[in-house]
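# Residue-level structure breakdown
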6 protein chains.
Amino acid sequence: MSNPSIMPPIEIEDASPEVRAIYEDIMQTRGTDWINNFWKVLAHDPALLKRTWDTLRATMAPGALDPLVKEMIYIAVSATNGCEYCTYSHTASARAKGMSDTQFMELLAVVGMANETNRLVNGLRPAVDEPFKRQAG
Amino acid sequence: MSNPSIMPPIEIEDASPEVRAIYEDIMQTRGTDWINNFWKVLAHDPALLKRTWDTLRATMAPGALDPLVKEMIYIAVSATNGCEYCTYSHTASARAKGMSDTQFMELLAVVGMANETNRLVNGLRPAVDEPFKRQAG
Amino acid sequence: MSNPSIMPPIEIEDASPEVRAIYEDIMQTRGTDWINNFWKVLAHDPALLKRTWDTLRATMAPGALDPLVKEMIYIAVSATNGCEYCTYSHTASARAKGMSDTQFMELLAVVGMANETNRLVNGLRPAVDEPFKRQAG
Amino acid sequence: MSNPSIMPPIEIEDASPEVRAIYEDIMQTRGTDWINNFWKVLAHDPALLKRTWDTLRATMAPGALDPLVKEMIYIAVSATNGCEYCTYSHTASARAKGMSDTQFMELLAVVGMANETNRLVNGLRPAVDEPFKRQAG
Amino acid sequence: MSNPSIMPPIEIEDASPEVRAIYEDIMQTRGTDWINNFWKVLAHDPALLKRTWDTLRATMAPGALDPLVKEMIYIAVSATNGCEYCTYSHTASARAKGMSDTQFMELLAVVGMANETNRLVNGLRPAVDEPFKRQAG
Amino acid sequence: MSNPSIMPPIEIEDASPEVRAIYEDIMQTRGTDWINNFWKVLAHDPALLKRTWDTLRATMAPGALDPLVKEMIYIAVSATNGCEYCTYSHTASARAKGMSDTQFMELLAVVGMANETNRLVNGLRPAVDEPFKRQAG
C-alpha cells in the first residue's frame, strides 16, 4: 500500500458546482469519462485548480511544437526531478499520443546524458564559449 | 569576469595525439573548426573524453526522434537543473538545427509548467491512477 | 508494502542510554510519547542524532519567524526536493501548529509558481537588475 | 561581465501594444516606474507573459498567508534550486515588504536544515509513521 | 504494492542473443547468477544497455580511487537526487565491498551537511574567494 | 563583475567578539590567516555561524572515512546541486588534502554517471530487487 494522498481526492459527485464545471471541461477536452487524482487533490483550492488547468491546456495545445513533443519534454522534466506520479501520467499521455517504445527509450537516453554532462560541467566550470553566446540568442 | 574554469582548457595545439584525434573527430562531425570548452576541460581524462563524445554522438544522432527534438529535451533538462553552460551550448545547437523563437518560448513554457506541477504533486501526494499504470507501459 | 528502511529503526527499549536520553528529550520537548522513524534510523550514529536534534530544535524555535511559518518553509523545501517522508512529517507538524487547508493550498501554489519561474529564468538567463542588487542586501 | 541573456530584453519603448499593456499593469500594481528583466525576456511570448503575470499576481496576493510569508517561501524554493536571479529578485521583494536581517537569516537556517534532513531521509529511507499519515491530511 | 515498472523487465530467458550476451557479461563480471531490474528495463534499448554497462564498468573500475569510495560517491549523488532504487542498489554494492555501518552514517552526515551549506550559499551568494580559484585548479 | 553577495561579508576587524572568536577558531583549526566569504556572510547570524562551524568540524574530522574522501563526497553533492561557490571551495580543500588531477576526474566521472542512471531509473521505474533490500541494511 502506498501512503494516502495528503489531501483526499474530491470525487465528482462530491464536488462543488465550480469544481464540477472544471472537471467536466477536463473530461470533455480529453474525451474521457474520468478525472485523474491530480485534479481531484488540487480541487481543494478551486482557483488554483482553474488556473492550473487553464495554463496546462494553453501550454500543451498544438503550436510551434507538436503535442507529442511537449509530452516528451514533460517526461524529461519529471524524470529529472524524480516525480513519480508525473512520470506515470505524462508517459501515459505520450503513449496516447503515439509515442513508441523506441521513441521513449531514446528520450530517456537523452535525459540521462543531459543529466550526466550537466554535472561534468558543474564540476569543471568551463567558461561559456563566445560563439555560443551569439548563437543562442 | 566569470570565475576561471577549475581545470584549464587543453587547447588543440597542446593536446596529446589521443586527445587531438578526438578533437578532430568532433570538428569533422560538426563541420566546425573550433572545439568548445566542455571538451577542452574534459580532455584532462582522455578516456572520459572519448566515452562522453562517443555516447553523445550516439545519443543525439537521428533515430526515432528528430535531432532538434533531442536538443530541446537537452535544454529542458539543463534549465531544470540550472546548468548555465549547458543551456547556452544546447540552445546554440538547437538554433543551428533551426529552432525558432516561438518554438523556444513554447519549450520553456512546458518546462516551467512541468516544474510547477511536479511540486504540486510532491506536496499533495496523489496516488498514481490505475489507468495511467496500464497506459504508461 | 513500501521498501524496508535501509538501517532498521532503533526502538526506545533497545536504545543505548545515550540515545535514550535524546529520545526522552525529543518526546518531552514535543509533548508526545512516541519517537518517529527519522530519529530511530539516525540513532545508528548517536553523535549525528544529537547534533541533528540540537540543530533542529534551535532552528525551529520561535524567533523572528513564527514556528508555523518555519514549518511551511520546511514543506516548501521538501516538496521542491520531492522528499516524501519529509513532506508527510512536516505537513503533520504544520497541521499540529494550526495550518488550515487554505493556508496549505496557498503554500503549495507559491511553491509551484516559484519552481516554474525558476526554470523560465534558467532558460532565458536575464541579468540581475541593478535595483534588485541594492534592495536585496 | 556576466553572460548576455539568451533572449534580449524587450524594452518598454519597443514593446507591442499587447506587451506594453502588461508592462503598465505590472508597474501600476507594484507602484514602480520600471520593469525588471524577467518580464522583458518573457515578453517574447506575449501569451506566456500574460499567463505568468496573472498567475503570479493571484498567487502572491494577500490571502490566508501574509504576502511577506509568500515571498519567503519563494526565496526558500529559489535557494533550494540555486536560481540566482530569483534569489536576488525575491529577496529584494521580501525586503520591500519589511523582511529584517534576522528574519532572512532564520529563513536560510530553516532552508539549510530542511535540505540537510531531506537527504538524511533519502539515504536511510525510514517508513512514514502512521500518525503522520493521519495528521498530515 | 509499489507501482509496476513503466517498461516491463526483460527476463534472461526472453532476451535476444544480443541482450543475453550483455546479461552474461554483467553476471560474470559481478560473480552473480542474477540480473537486477535496472538492466532488465534498460534492455528495451539494447544499444543503450550496452553503452550504459560499458560506461559503468569503466567508471567504477579500480583506478586512482578505490571502488568502495566510488560506490559511496554514487550513494551521495543518489541520496541528493532522491533516487530510491539507486540508493538501495548502490548501498547494497557498497556493503558488498565492505562498507561498515559507521562509514555509511559518516557518509550520510557529509551528504546532509553539503546539501545544507549549498543552500546557505545559494541564499547569501558570497563571492568565490581568490585563493580558492587558485587552489581549485 | 559577479553580483554582490546578498549580505555583505563581515570582516575580521568589524566582527563582534563572539564572531571574532569563531573566526579565530576557524583559522587556528585550518592553520590559515584568512577567513573565506562563506563564514563572513554567515556571521550575520552568530548562532547559525557557530552551529554550522561546529557541525562542519565534527562532520569533516577524520573518522571511519578519510578526510579526503569526505571532501570528495562534498564535491559530488555540490556538483550535483550546481553550487558554484561550494564546488570551488571544496575542490580547493580537496586539493590541499592531496587530491590529484586523476582522482578529481575519476570523481567527476562517477558523479556524471550517477546523475545519468538516476534519471534512467526515474523514467523507467524498476522495482527494487529483493536481494538489494536485504544487502543494503
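Residues numbered from 1 in each chain as written. Chains lettered and ligands numbered in written order. Predicted model: local features only at pLDDT ≥ 70, side-chain atom pairs only at ≥ 80, totals over all residues. Heavy atoms only, no water.

As recorded by an unreviewed UniProt entry, chain A carries the name Carboxymuconolactone decarboxylase family protein and is attributed to Tianweitania sediminis.

Of the two same-sequence chains, chain B is brought onto chain A (RMSD 0.0 Å, axial shift 0.0 Å) by a rotation of 180 degrees. The superposition of one copy onto the other is thereby described by a two-fold rotation axis. A shared interface surface links the copies, since 100% of the contact residues of chain B are contact residues in chain A too. (Least-squares fit on C-alpha atoms with pLDDT ≥ 70 in both. Contact = heavy atoms within 4.5 Å.)

Residues and elements named next belong to chain A. Parsing chain A into structural domains produces domain 1 (7–61) and domain 2 (64–137). Of note, the centres of domain 1 and domain 2, computed from C-alpha atoms alone, are 27 Å apart. On the domain 2 side, the residues contacting the seven residues of domain 1 number five residues. Of all residues in domain 1, Leu-56, Met-60 and Ala-61 give up the largest surface area on contact with domain 2, accounting jointly for 69% of the area buried on that side. (Domains from an automatic or database assignment. Buried area = accessible area lost by both parts, 1.4 Å probe.)

This paragraph deals with the interface of chain B and chain A. With 67 residues of chain B at the contact, the number on the chain A side is 67 residues. Carbon and sulfur atoms make up 74% of the area that chain B and chain A hide from each other, which totals about 6100 Å². In this structure, the connection of chain B to chain A is made through two salt bridges. Put simply, Lys-70 of chain A and Glu-106 of chain B hold a salt bridge, and the shortest N to O gap is 3.1 Å. (Salt bridge = Lys/Arg side-chain N within 4 Å of Asp/Glu carboxyl O.)

The positions that UniProt labels "domain: Carboxymuconolactone decarboxylase-like" (unreviewed entry) are, in the present scheme, residues 46–127 of chain A. Along residues 46–127 of chain A the backbone is 82% helical and 0% strand, and the end-to-end C-alpha distance reaches 46 Å. (UniProt positions renumbered as here; feature names shortened; annotations may be inferred. Helix = DSSP H or I, 4+ residues; strand = E, 2+ residues; numbered from the N terminus.)

This paragraph deals with the side chain of Asn-36 of chain C. Inspection of the secondary structure puts Asn-36 of chain C in the loop between α1 (17–30) and α2 (37–42). With residues near it in sequence (within four places) discarded, Asn-36 of chain C still touches Arg-30 and Tyr-85 of chain C together with Asp-129 and Phe-132 of chain D.

With respect to the helices and strands, the residue Glu-84 of chain F is situated in helix α5 (residues 84–96). For Glu-84 of chain F, a relative accessible area of 33% puts it in the partly exposed group. Excluding its chain neighbours within four sequence positions, the residues that come into contact with Glu-84 of chain F are Arg-125 of chain A together with Asn-3 of chain B. (Buried < 20%, exposed > 50% of the residue type's maximum accessible area, 1.4 Å probe, protein only.)

Taken residue by residue, the interface counts 11 residues in chain A and 11 residues in chain D. When chain A packs against chain D, close to 950 Å² is buried across both sides, 60% of that on carbon and sulfur atoms. For the interface between chain A and chain D, the tally reads zero salt bridges. On the surface where chain A and chain D come into contact, there are four residue pairs in polar contact (both at pLDDT 80 or more). Considering every element that reaches the side of chain A that touches chain D, the biggest residue donor is helix α3 (residues 46–60) of chain A, with four residues. The class makeup of the residues in the side of chain A that touches chain D is five nonpolar, four polar and two charged. (Polar contact = N/O pair within 3.5 Å; in protein donor to acceptor, adjacent residues only side chain to side chain. Nonpolar A, V, L, I, M, F, W, Y, C, P; charged D, E, K, R; others polar.)

Turning our eyes to something else, we now look at the relation of the copies chain A and chain D. With an RMSD of 0.0 Å, the fit of chain A onto chain D corresponds to turning through 180 degrees and sliding 0.0 Å along the axis. Of the interface residues in chain A, 100% have counterparts in chain D that sit at the interface too, so the contact is made through matching surfaces.

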